[in-house]
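# Results of the structural survey
Residue strings, one per chain:
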Amino acid sequence: MPDFSISVIIPVYNRITLIDRALQSVYEQTRSADEIIVVNDGSTDNIETHIREQHPAVRLLNQSHQGVSAARNTGIRAAGGNWISLLDSDDSWQPQKLERQCGELAKATTYSICHTNETWYRNGKVLPQKKKHRKQGGHIFQHCLPLCAISPSSVIIRKTLFDEVGFFDERLPACEDYDMWLRICSRHPVLFIDEALTNKFGGHADQLSQMHWGMDRFRIQALQKCIESIDLNDIDRQAAIQMLLQKIDIFIQGSEKHGTNTYSKQFMTLKQRYA
């Protein structure tokens, strides 16, 4: 049986009204986490005092406000477990999540990352997922190209994998998870548990997807980095280039529609390089 010591990493920024739900779902796991780390990313809503008073078993790390990538990285670097389980502060888990993942990974010992299916909620109601959001396992690099194909809150990752692929890119204010999955899935297969063991809650204004316009601009940056820094096989490289060109066209069309040419010149030059 592999040695599973699990560190749960929860980054939080001004979500004192949501953090209890996330933490309660960790406490209720049928396979307990070995360590729970909450990284307070410079919150101004008194969450530090709340965690210390209401959740004394939690290891609380405080830092100045640097974004979700930096907060996750702080937690990962400080973690004592040999497996990292990420949980966003606005999400939660079903009680069997960690137990099911440990059980499957114990049978499939060559995998270094495992994710689960999920249920989406918006305004208290289940939100049906579209076909393009369907989750998969195996060698899913090309499946990761259009959109983020893995939810951070659903994964458990062998900690040493970050030594290989690097940490979350702190230069990306959004789509940092998309960038991470490209790096991991270009090298490794993914174990997938087709059970809705992760709960994702949408609709609040501080979600990154609500805070940044033109999200594809961050995916373009991630794709460029992937193409230029990872030793992809020919088929995956061509697929990544085609997706890069497609997203550049979509982004430029959107920019023209909304009357802004920010990034257009930069992306046109990039398009000419790979077209």
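Just above sits the structure.
These remarks concern the structure in this document. (Residues numbered from 1 in each chain as written. Predicted model: local features only at pLDDT ≥ 70, side-chain atom pairs only at ≥ 80, totals over all residues. Heavy atoms only, no water.)

## Some remarks on the nonpolar core
Within the largest apolar cluster, 53 residues are counted, with the highest numbers of intra-cluster contacts made by Phe 141, Leu 145, Trp 181, Leu 182, Cys 185 and Leu 244. Elements represented by at least two residues in this core include exactly strand S2 (35-41), helix H3 (68-78), strand S4 (83-86), helix H5 (160-165), helix H6 (176-185), helix H8 (216-229), helix H9 (234-257) and helix H10 (264-274). With residues up to four places along the chain from it excluded, the contact list for Leu 145 reads Tyr 178, Leu 182, Leu 223, Ala 239, Ala 240, Met 243 and Lys 247. One finds Leu 23, Val 26, Ala 108 and Ile 156 within the second-largest nonpolar core, a separate group that totals 27 residues. (Core = buried A, V, L, I, M, F, W, Y, C linked by side-chain atoms within 4.5 Å. Buried < 20%, exposed > 50% of the residue type's maximum accessible area, 1.4 Å probe, protein only. Helix = DSSP H or I, 4+ residues; strand = E, 2+ residues; numbered from the N terminus. Contact = heavy atoms within 4.5 Å.)

## Structural notes on the packing of aromatic side chains
Counted under the stated rule, the structure contains six aromatic pairs. The interplanar angle of 40° and the centroid separation of 6.4 Å between the aromatic rings of Phe 162 and Phe 168 together place this pair among those described as tilted. For Phe 162, a relative accessible area of 1% translates into the label buried. Ring centres of Phe 251 and Phe 267 lie 5.3 Å apart, and the angle between their planes is 75°; on these two criteria the pair is classed as edge-to-face. With a gap of 16 residues between them, Phe 251 in helix H9 and Phe 267 in helix H10 connect regions that are remote in the sequence. (Phe/Tyr/Trp six-rings, centres within 6.5 Å; stacked < 30°, edge-to-face > 60°.)

## Focus on the packing of H8 against H10
It is the contact of H8 with H10, at a shortest axis distance of 12 Å, that shows an interaxial angle of 35°. In this structure, H8 crosses over H10, and the sense of that crossing is left-handed. Contacts between H8 and H10 involve Arg 217, Ile 220, Gln 224, Ile 227 and Glu 228 on the former and, on the latter, Phe 267, Leu 270, Arg 273 and Tyr 274. (Axes fitted to C-alpha atoms, helices over the stretch in contact; angles between N-to-C directions. Left-handed = near helix turned anticlockwise from the far one by under 90°.)

## Overview of the pattern of salt bridges
Two side chains with opposite charge may pair up if their charged atoms get near one another. All chains considered together, the criterion is met by 20 salt bridges. Where Asp 34 meets Arg 31, a salt bridge forms, and the shortest distance between an N and an O atom there is 2.9 Å. A salt bridge links Lys 107 to Glu 104; the shortest N-O distance between them is 3.1 Å. On the criterion of helical spacing, the pair formed by Lys 107 and Glu 104 is a turn pair, its members being three residues apart in helix H4 (residues 97-107). Salt bridges here are not isolated pairs; linked through shared partners, they connect Asp 169, Arg 171, Asp 179, Arg 183 and Lys 225. (Salt bridge = Lys/Arg side-chain N within 4 Å of Asp/Glu carboxyl O.)

Honestly, it's all geometry; don't read function into it.
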